[in-house]
Amino acid sequence: MATPPNVSQRDFDRALSEFESAVGADWVFKDDESVVLYRDAYSPFKGEEEERVASAAVAPNSVEQVQQVVRTANEYRIPIYPISTGKNLGYGGSAPNLSGSVVLDLKRMNRILDVSERQASALVEPGVSYFDLYRHIQERGLKLWIDCPDPGWGSVIGNALDHGGGYTLTQLRNHFDAHCGMEVVLPDGDLLRTGMGAMPGAESWQQYKFGVGPWIDGLFSQSNFGVVTKMGFWLIPEPDAYLTGTVVVPKHDDLIALVDILNYLENTGVVNGMPQLGSPLIGGFFSQPDPELQALLSRGAPTAEIEDYAREVGRGYWSCTVKFYGAEKAIAANWEYAQEKFSAITGATFEDGESFKFPLTFEQIEDITRQQSVGSRSSTLPEFGIPSLTMFSIGARSETNPTPTQGHVWFSPIIPRTGEAIMEANRVFAEAAGELGLPVRAAGFSLPTTYWNRSFIYLFGFPISNDIEQNRKMRESFERLVRVAAEHGWGEYRTAPAFQDLVLDTYSFNDNALRRFQERLKDAVDPNGILSAGRYGIWPKHLRDA
Amino acid sequence: MGLAAACLWVGSAFAQDADPARGKVVFDYWCAACHGEGPGMPGTLALQALYQGQKPALLEARTDLVPELTRAFVRSGVSIMPFFRKTEISDADLEALAAYLAP
């Protein structure tokens, strides 16, 4: 077992002994067999010396124990790295930025402290997964929905703190936005509550975010200023009904108006579900462009020729599926209105999609699951607040994928919410991919994901392999793409520790003012630099100067 | 008795103390979302593609999952299946799970 950097064996042994006094010897993991389980299962450095590894792990099950562990860590200068459920696969998993750190595994803190059906809110501990919260609600027959990401085993708190997103209504898809109130153990062991939680006796902790003064919650997301031990979330009551509709437009340049009208509809609240942009020319996630189109794309045929092709095959160029939640009559009227607005685009055609009344029946859920796992439907389980792991069928071995990967990392830049930005991103990324020898599925037809209603996000998965050389090349390509994206003002919204320093480098306005400010905060709040050293590029003083 | 045989003996004795009923609880909580029955199960789909009918794709229908195999997969993972920590599936729970899935 390695010791943490800059820590003597004697100090480490003493610290481990104090950790054992705090949490019980059963919950301090020092042996290799247990500690190896804190690797990142999808590490981009898999099997290499640079792979981030822990020296030990400690698993508290109360706030008081967390405070004791943090105080001990300070006393002996032990770098610690909190994880919640440790399932941040694709963004670093459970491994620390600084190899040799002791992982603070919060999985045992898995209490659902409060769920209010009247207020549609919840207060949870870090070890609570989306599955846990969903089951809690279902078992009690509460008429509430959660908003979950694709994999349901992640932590409700951890996902929000890493700025993750989901699939239901506009106001809930940004998980950090949808939180209300936190409790935090600071790096010196002090305990803090934010928002109305700072007022003893307040019953509005999960109702009003700000309390008074600067809203400091953001400091504890994608950072290393404290250990979040409780977090409140806004849920929604189960809606009455849902429906979808698709608009198809004939020309390449129609994308610009399509996005502008979509933005109008989302920003006025008419469309409140997660829209899906696509192209009838290339179909769904698993499909390939047909040979004639592929030939046109391969030779870089001008747009007019592709439009001719689209006309010949009787399909449009772009599609947008809009989704609505609400009262049955209201959402029907909203879809009518949306069609009126989209009709400003000459040649736009419309198709009614599916509709549901809630709650869904068991059979309906089974149907949705079945179709989702083969990529043949647009509305998937998370859009109904149902957590699952069905998404993993996409990377896994299957009938259509005989050579599964060992995992993936996400390249996930934010681009502006315009058709022009989509076109530019296609051009730039296709060119970069060409230079790097990366496959491009259908040049010019790459469309962003719409978690956030005020911006777009692209999600590109880079595979992890068992071949070290392949992983090295993958990392180089990834890093090149981060730089190319930054040259165009497109920045990552979230990234794995392997790339966090690089990504923070790209947010360089005014001589890296953001980093410099964060470092000053770090030095003030965590002078011994014990908490998640290096997370999102924020290094403590003693490691910056090294 | 040779060392290897002694280890095997210890292993199976430990497994005999493990409660398969507890193992089912562990399976339902940690494994079923990918390895359960029904549509959209990535683990079941992967094993179907791997075995092509030569073995059951459903772990619960397998008759050859000796405890060593269960332990290996839970602690090492495979392909996109990650490994599980002891705060998720403790050693005791792993033995129970292994007993539940054992022939």
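Residues numbered from 1 in each chain as written. Chains lettered and ligands numbered in written order. Predicted model: local features only at pLDDT ≥ 70, side-chain atom pairs only at ≥ 80, totals over all residues.

1. A closer look at the overall build of chain B
Which entries qualify depends on this criterion: Segments assigned H or I by DSSP are reported as helices when at least four residues long, segments assigned E as strands when at least two residues long, and all are numbered from the N terminus. Every C-beta atom is placed from the backbone, and the number of other C-beta atoms within 10 Å of a residue's own sets its class: buried at 20 or more, exposed at 12 or fewer, partly exposed in between. Here, residues touch in the contact sense if the C-beta positions derived from the backbone fall within 7 Å of one another.
From N to C terminus, chain B includes five helices and zero strands. Moving toward the C terminus, one meets the helices and strands of chain B in the order α-α-α-α-α. Burial analysis of chain B (103 residues in total) assigns 39% to the buried set. Here the analysis covers contacts within chain B between residues at least 6 apart in sequence; of these, 67% occur between residues at least 24 apart.

2. Considerations on the overall build of chain A
For the record, the criterion: Radius of gyration means the value over C-alpha atoms here, while the globule rule gives 2.2 Å times the residue count to the 0.38 power.
Looking only at helices and strands, chain A features 16 helices and 20 strands. Relative to a compact globule of 546 residues, whose C-alpha radius of gyration would be 24 Å, chain A shows 24 Å and is just as compact. For chain A, the spread of C-alpha atoms along the three principal axes comes to 75 × 55 × 50 Å. In chain A, which comprises 546 residues, the share counted as buried stands at 48%.

3. Focus on the pairing of strand β8 (residues 179-185) of chain A
For clarity, the threshold we go by: Strands qualify as paired when DSSP identifies two bridges or more between them.
Of all seven residues in β8(A), seven are buried; the element is thus mostly enclosed. Between β8(A) and strand β9 (residues 191-193) of chain A, which follow one another and run antiparallel, lie five residues, and A:Gly189 among them has a positive phi close to 95 degrees.

4. A short note on the sheet that holds strand β1 (residues 28-29) of chain A
An order of β1-β2-β4-β3 (chain A) is seen for the four strands of this open sheet, with the pairing classed as mixed. In this open sheet, the two edge strands, each paired with only one partner strand, are β1 and β3 (80-83) of chain A.

5. Looking at helix α10 (residues 328-342) of chain A
All names here are of chain A. Counted only if it meets this: The span one expects for a helix is its residue count, reduced by one, times 1.5 Å. The directions considered for the arc run from the helix axis to the C-beta atoms.
When the terminal C-alpha atoms of α10 are compared, their 21 Å separation across 15 residues agrees well with the 21 Å that a helix rising 1.5 Å per residue should span. Taken as a whole, α10 has its buried residues at Ile331, Asn334, Trp335, Ala338 and Phe342. Across the axial projection of α10, the buried residues extend over an arc of 100 degrees, all falling on one side. Pointing more than 90 degrees away from the buried face of α10 are the exposed residues Lys329, Glu336 and Glu340.

6. So, the interface of chain A and chain B
The test is simple: Each residue is assigned to one of three groups, with Ala, Val, Leu, Ile, Met, Phe, Trp, Tyr, Cys and Pro labelled nonpolar, Asp, Glu, Lys and Arg labelled charged, and all others, Gly among them, labelled polar.
Each side of the interface is counted separately: chain A has 32 residues, and chain B has 20 residues. Here the side of chain A that touches chain B is built from residues that sort into eleven nonpolar, 14 polar and seven charged.

7. A short note on the packing of helix α1 (residues 9-23) of chain A against helix α3 (residues 63-76) of chain A
The packing of two helices is summarised by the inter-axis angle and the distance between the axes. Residue and element names in this part refer to chain A. Quick note on the threshold: Orientation is described by axes fitted as lines to C-alpha atoms, over the contacting stretch for helices, and by angles from 0 to 180 degrees between their N-to-C directions. Convention used here: angles under 35 degrees read as roughly parallel, angles over 145 as roughly antiparallel, angles from 65 to 115 as roughly perpendicular, and any remaining angle as oblique. Each crossing is labelled by how the near helix is turned from the far one, with a counterclockwise turn of less than a right angle marking it left-handed and a clockwise turn marking it right-handed.
Orientation of α1 relative to α3, taken along the N-to-C sense of each, is 170 degrees, at an axis distance of 9 Å. By the angle between their directions, the pair α1 and α3 is classed as roughly antiparallel. Every pair of crossing elements has a handedness; the one defined by α1 and α3 is right-handed. In contact with Asp11, Arg14, Ala15, Glu18, Phe19, Ala22 and Val23 of α1, α3 contributes Gln65, Gln68, Val69, Thr72, Ala73 and Tyr76. Grouping the constituent residues of the contact of α1 with α3 by class yields seven nonpolar, three polar and three charged.

8. Let's talk about the environment of A:Ala15
Residue and element names in this part refer to chain A. Tracing the sequence through the fold places Ala15 in helix α1. Under the C-beta neighbour-count criterion, Ala15 is labelled buried, with 26 such atoms within 10 Å. A C-alpha to C-alpha distance of 18 Å links Ala15 and Leu106, two positions 91 residues apart in sequence. Leaving out residues up to four positions away in the same chain, Ala15 has contacts with Thr72, Ala73, Tyr76 and Ile78.

9. Focus: the environment of A:Val23
All names here are of chain A. Within the element layout of this structure, Val23 appears in helix α1. Judged by the 21 C-beta atoms lying within 10 Å of it, Val23 is buried. Sequence separation between Val23 and Met182 is 159 residues, and the spatial gap between their C-alpha atoms is 23 Å. The residues touching Val23, leaving out its near neighbours within four places in the chain, are Val28, Val58, Ala59, Pro60, Gln65 and Val69.

10. Some words on the domain arrangement of chain A
Short version of the rule: Domain ranges listed in this record stem from an automatic or a database domain assignment.
According to the domain assignment, chain A consists of domain 1 (9-106), domain 2 (112-237), domain 3 (239-358) and domain 4 (405-499). The gap between the C-alpha centroids of domain 1 of chain A and domain 3 of chain A is 47 Å.

11. Some remarks on the sheet that holds strand β18 (residues 456-457) of chain A
All names here are of chain A. Taken in spatial order, the three strands make up an open sheet running β18-β17-β20, and their pairing is antiparallel. Bordering the open sheet on either side are β18 and β20 (491-492), each of which pairs with just one other strand. Where strand β17 (residues 413-415) meets β20, two bridges bridge the pair, whose relative direction is antiparallel. Pairing of Pro413 across the sheet is with Glu492, part of β20.

12. Digging into unusual backbone geometry
Peptide bonds are trans in most cases, and residues, glycine excluded, mostly fall at negative phi. Looking along the chain, the bond that leaves A:Phe358 and enters A:Pro359 is cis, with omega of 0 degrees. By the secondary structure assignment, A:Pro359 is in the loop between β15 (349-357) and α11 (362-373). Positive phi values are uncommon outside glycine, yet A:Arg77 reaches one of about 60 degrees. A positive phi angle, near 50 degrees, is found at B:Gln52, a position not held by glycine. With respect to the helices, strands and loops of the structure, B:Gln52 is situated in the loop between α3 (42-51) and α4 (67-76). You can call B:Gln52 exposed: it has 10 C-beta atoms within 10 Å.

13. Some points on the confidence of the model for chain B
Residues and elements named next belong to chain B. Applicable threshold: The predictor's confidence in any single residue is recorded as pLDDT, a number from 0 to 100.
Confidence in the prediction of chain B, expressed as mean pLDDT, is 87, and 83% of residues score 70 or more. Across residues 1-15, where pLDDT falls below 50, the model places eight contacts with residues more than four positions away in sequence or in other chains. Listed scores for the predicted complex are pTM 0.95 and ipTM 0.94.

14. Some points on the packing of helix α8 (residues 291-298) of chain A against helix α9 (residues 303-312) of chain A
Residue and element names in this part refer to chain A. Running from N to C, α8 and α9 point in directions that differ by 175 degrees, and their axes come no closer than 10 Å. Classed by the angle they form, the pair α8 and α9 counts as roughly antiparallel. Each of Glu292, Leu293 and Leu296 in α8 lies in contact with α9, whose residues at this interface are Glu305, Ile306 and Tyr309. Tallied by class, residues from the contact of α8 with α9 come to four nonpolar, no polar and two charged.

15. Some thoughts on helix α7 (residues 254-267) of chain A
Residues and elements named next belong to chain A. A rise of 1.5 Å per residue sets the reference length of α7, with its 14 residues, at 20 Å; its end C-alpha atoms lie 20 Å apart and thus fit the reference within 8%. Of all the residues in α7, the buried ones are Asp254, Leu255, Leu258, Val259, Ile261, Leu262, Leu265 and Glu266. Across the axial projection of α7, the buried residues extend over an arc of 165 degrees, all falling on one side. Tucked inside the fold, the buried residues of α7 contact α6 (170-173), β12 (241-249), β14 (318-326), α10 and α12 (419-436).

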